[in-house]
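Here are the chains, one letter per residue:
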Amino acid sequence: MMKKLTLAMAIATLSTATIAKEEAEVMHWWTSGGESAAIKVLADSYEAKGGKWKDSAVAGGSNARSAAINRMIGGSPPTAALFNTSQQYRELIAEGMLNNIDKVALANNWDDILPQPTLNAIKVDGHFYAAPVNIHMPGWFWYSKKAFEKSGIEKEPQTAQELFAALDKLKAAGYIPLALGGQEWQENLLFATVLSNIGGKQIYMDVLGKRDEKTLNSEAFRNVVDTFLKLKPYVDAGSPGRNWNDTTSLVINNKAGIQVMGDWAKGEFTQANKVADIDYGCFPGLGDDSLYIVGGDVFVFPKTDDKQQVAAQQNLVKSMLSPATQIAFNNLKGSIPVRTDIDVSAMDVCAQKGAAILRVAERQIPDGSMLMEEYRYGTLKDAITEVWNGQNMTTDQAVTILAHSLRD
Amino acid sequence: MEWLRVRRHIQRNMLAYIAVIPMALTVFIAYMGTMFWSVRLSLTSSRILPKYDFVGFAQYERLFETSRWVTSLENLVIIAFLFLIICFVLGFLLSVFIDQKIKAESFFRTVFLFPYAMSFIVTGLVWQWIFNPQLGIQSTMRNLGWETFTFDWIVNPNMVLYTVVIAAVWQGSGLVMALLLAGLRGIDEDLWKATKIDGIPTWRVYLSIILPMLRPMIITTVVLLSISIIKMYDVVVAMTMGGPGIASEVPAKFIMDNLFERGNIGIATAASTVLLTTVLCLIAPFIYSNYIKKSR
Amino acid sequence: MTTLTSTLNAKTRINQHRSVKTRWGRVGIYGFLIITALFFLLPLYVMLTTSFKELDDIRSSSIFSLPQSFSFDAWSIAWSSACTGLECNGLQVGFWNSVKILIPSVFISVMLGAINGYALSFWKIKGANILFACLLLGAFIPYQVFIYPLIRVYADIGIYGTLSGVVLSHVIFGMPIMTLLFRNYYSGLPQELFNAARIDGAGFFKVFFFIIFPMSVPIVIVAVIMQVTNIWNDFLIGLVFAGNDNLPMTVQLNNIVNTTTGERAYNVNMAATILTSLVPLVIYVASGRWFVRGIASGAVKG
């Protein structure tokens, strides 16, 4: 009898405890040091508002996404899950597996304060199903100041011509001119950068967005592919399979001149005690009106009717997008705030350059993953890596392979 | 009396039947169920979540138009051939040598087995470093003064597969050694005595007498190695990510990428059905001759 | 029985066997073993030295060089303070979960494999071989294809996200190989043993536990080695089926090691990998004393 009573009491206290504190379980794949520090900002900000953050980390984007989907299928979804905004996302919405967060989005004027590419990606049939937390730009140019100086390069290249001139100088001075990790996603990232910088907005959108046959056969696209292939001789023999961070190390240690990599590379420089504009430089593209590829991370909120969980979902969104959280979070993540209405003067030089561009709508283009389904994007990446690594690949062959991969 | 004997026979066999119920359930529910389910899905347009429409063989057509898949299959054949032979020969030699009453047997056994315990996520990376011309063997040899030494297999599309095989052999041959050693240790002592008396050289005993006696263990080994070849994934992801280009892609990686990264269940199940059918065709005669015909 | 005498003669046999060997033969054997061992140890050497290096040292030095200063930081970080998301308690978090999953999974799958193998090779069961062929074929399907249907079934019977769910999965996925292992081992054993026991009137389980199983020591060792390694190193099944409270150590390992765009602390990664593989390694070393010759003969004696 006594035992039963205490048990009942224990259960009672347990349940009151859960009622007292709204708990949000958040699944994500941010497990490395810098990423962990960044997610902690989000957690702290949520807990400061009285909730309890339950962390479920699974390394690897596809691991984490499928773990979240598995939990939804198994009937015990997390409160929120880090996700992407491509076809997978739309399919989950179509299957009715996500809650929308219109209430918070409308109350906070998302339509006005978020960049257009991000809005296009998260808004489906007029509803908001995902909360964007940052803008990642995958195609930054990072360079070693020392290597530039020793090779006699006076300023950051503004055109393709100047870029190749700089690469030649680096080569002559004995540096690895272009540091590239030869993995599919890194090669793809380089291609997207060439496409946006050489092709321009129209070509970029026609190729990746519309997959327009005419553009794919145009001289302009051929020129893009040609430039892409011309970069290959500037890459060292150790490239294939190399991780991006080992590649960044080459720039950090002044063995290589330039690396094209996303803004997350900043973390590597910071960890090696290098300072932007002193030890290394960064520029988002060639020329003063270069395009800015907008990528980024979003959270989705699995379907639930539990009032408390719904409240937890809304509160998560609110806390994630509050200005102070945005600055602190993005400083650690290497990205820039998704809101264009906040002061970024406390951030580093590179982030400030990025945030400035984010206010100019014409200079923004969406990341390839936002423009097509995963399988299609995958096929394109396969083609890019095939072209890049092909022996004796001619420009015409390359155009044919790339165009073929984008065909329906 | 006859009746009693029959009853006892049934009783005895009854227990045997009951004992294999868990196996039967596993086969019917988990294995056969999943096999049919995945074949069914390969005929649908499923992407991230299963759909049960019917699109005929469209996924298979797409599959074989994909150069990455075709390359994966070709690579699989090369890897399978080399990996099986090298792993087996090395494993057999190791087990025989370890069986020679050597000193520090336990040390050697553990050294040969330990790679099997290590996750490839990281050991694959270490192999990548070792093979990388600027980090590993090549640069070390050049620094030692051999300026023209070249060992760049991992960055060479024509050679990269061999580096994958080396790492896979490194991980797999210890298990072959352990399996065959268990087999050797199960062999009757009298045999050695007999061959001794007949004055047959040891190497001949191993080749002509022991090897045939180890047949069941060898079959086990071959099946195990084949399973690990078909499922080979981690090592490629950790070492080469399928590169340079698509030079070291393997089917399991193709299936995994499409199942998760690319949310394309239809083509992934089509690929695994192709793989399964191939295996079925290859091992059906083998299973038939070993397990069905030869029922004892 | 003749096997009894053979055990007694084992020593003599080995001595004679050995005396024929030329000295050069021995040198050759040791030479081969040592060279192979060096090849096997090379990656371990790189891992160990890397784990003792500082990150700056790793960035700037050769992978084969010794650390400039030995530092155990990476090891303690890996074990107790590496961040795996928000929690920064290192690998230790999942250790006991892994043990909880490991013990029942290994025990059940090895026993079931032994019983299956025994039933298949000594008893006449109709359709057993076809059943076995299907089981073996199933081993060629990637685990990943199973996940979706299994989740559905588990959710229906209420074991999704529980310890039983993950143990059951390990038993299911381990069954083909375990059954194969025992079936083939038993088919190499003399049938007379079994017949003799049957004539004495022993039943299914009595024969198994008193005659067959005691003779299976070498193969049980191999089976345990395989299952301990597979289950301990499993990441996917644990992640999908274990539920949040039972996540195994490998999920933490993966969280520490596996990142695409985050930074990589190689020294911690190396230490974490070696730490995670310690349990299987201990099993390998401990299994050594059971890897002795003549087990089969000895068992019959008792």
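It should be noted that the structure appears before, not after, this text.
Residues numbered from 1 in each chain as written. Chains lettered and ligands numbered in written order. Predicted model: local features only at pLDDT ≥ 70, side-chain atom pairs only at ≥ 80, totals over all residues.

A few points about the overall build of chain B
- Each helix and strand counted, chain B has 14 helices and 0 strands in total.
- When the elements of chain B are put in sequence order from the N terminus, they spell out α-α-α-α-α-α-α-α-α-α-α-α-α-α.
- For chain B, the C-alpha radius of gyration of 24 Å lies well beyond 19 Å, the compact-globule estimate for 296 residues.
- Overall, the C-alpha framework of chain B stretches about 80 × 65 × 25 Å when taken along its three principal axes.
- Burial analysis of chain B (296 residues in total) assigns 50% to the buried set.
- For chain B, the proportion of contacts with a sequence separation of at least 24, taken over those separated by at least 6, is 67%. (Helix = DSSP H or I, 4+ residues; strand = E, 2+ residues; numbered from the N terminus. Rg over C-alpha atoms; globule rule 2.2 N^0.38 Å. Buried ≥ 20, exposed ≤ 12 C-beta atoms within 10 Å, placed from the backbone. Contact = placed C-beta atoms within 7 Å.)

Comments concerning the interface of chain C and chain A
- Listed as interface residues are 29 residues of chain C and, on the opposing side, 33 residues of chain A.
- Secondary structure elements with two or more residues in the side of chain C that touches chain A: helix 3 (55-60), helix 7 (143-157), helix 12 (236-241) and helix 13 (249-257) of chain C.
- The residue makeup of the side of chain C that touches chain A, split by class, is 12 nonpolar, 12 polar and 5 charged. (Nonpolar A, V, L, I, M, F, W, Y, C, P; charged D, E, K, R; others polar.)

A closer look at the packing of helix 2 (residues 33-48) of chain A against helix 15 (residues 307-320) of chain A
Residues and elements named next belong to chain A.
- One can describe the packing of helix 2 onto helix 15 by two numbers: an axis separation of 9 Å at closest approach and a directional angle of 120°. Comparing their axes, helix 15 and helix 2 come out oblique. Relative to helix 15, helix 2 is oriented so that their crossing is right-handed. Residue-level contacts link Leu42, Ser45 and Tyr46 of helix 2 to Asn315, Leu316, Ser319 and Met320 of helix 15.
- Taken together, the residues that form the contact of helix 2 with helix 15 break down as 4 nonpolar, 3 polar and no charged. (Axes fitted to C-alpha atoms, helices over the stretch in contact; angles between N-to-C directions. Parallel < 35°, antiparallel > 145°, perpendicular 65-115°, else oblique. Left-handed = near helix turned anticlockwise from the far one by under 90°.)

Some thoughts on the interface of chain B and chain C
- Of the residues lining the interface, 84 residues belong to chain B; the matching set on chain C comes to 91 residues.
- Examining the composition of the side of chain B that touches chain C, we find that 13 residues originate from one element, helix 2 (residues 21-41) of chain B, more than from any other.
- For the side of chain B that touches chain C, the residue count by class is 57 nonpolar, 17 polar and 10 charged.

Focus on the sheet that holds strand 10 (residues 280-283) of chain A
Residues and elements named next belong to chain A.
- Across the sheet, which stays open at both edges, the 4 strands sit in the order 8-9-7-10 with mixed pairing between neighbours. In this open sheet, the two strands that pair with only one neighbour each are strand 8 (176-179) and strand 10. Across the sheet, the mean angle from the axis of one strand to that of its neighbour is 15°, orientation sign disregarded.
- Relative to strand 9 (residues 256-261), strand 7 (residues 140-144) is paired through 4 bridges, and the arrangement is antiparallel. The residue of strand 9 that forms the bridge with Phe141 is Val260. (Pairing = 2+ DSSP bridges.)

Considering the environment of Thr123 of chain B
- Mapped onto the elements of the fold, Thr123 of chain B is located in helix 6 (residues 120-131).
- A residue is classified by how many C-beta atoms lie within 10 Å of it, and Thr123 of chain B, with 27 of them, is buried.
- Residues Thr123 of chain B and Thr150 of chain B, 27 residues apart in the sequence, show an inter-C-alpha distance of 23 Å.
- Non-local contacts of Thr123 of chain B, meaning those with residues more than four positions away in its chain, are made with Pro115 and Met118 of chain B together with Pro43 of chain C.

Regarding helix 6 (residues 128-138) of chain C
- In terms of residue burial, helix 6 of chain C counts as a mostly covered element, since 8 of its 11 residues are buried.
- Taken residue by residue, helix 6 of chain C has Ala128, Leu131, Phe132, Ala133, Leu135, Leu136, Leu137 and Gly138 of chain C as its buried positions.

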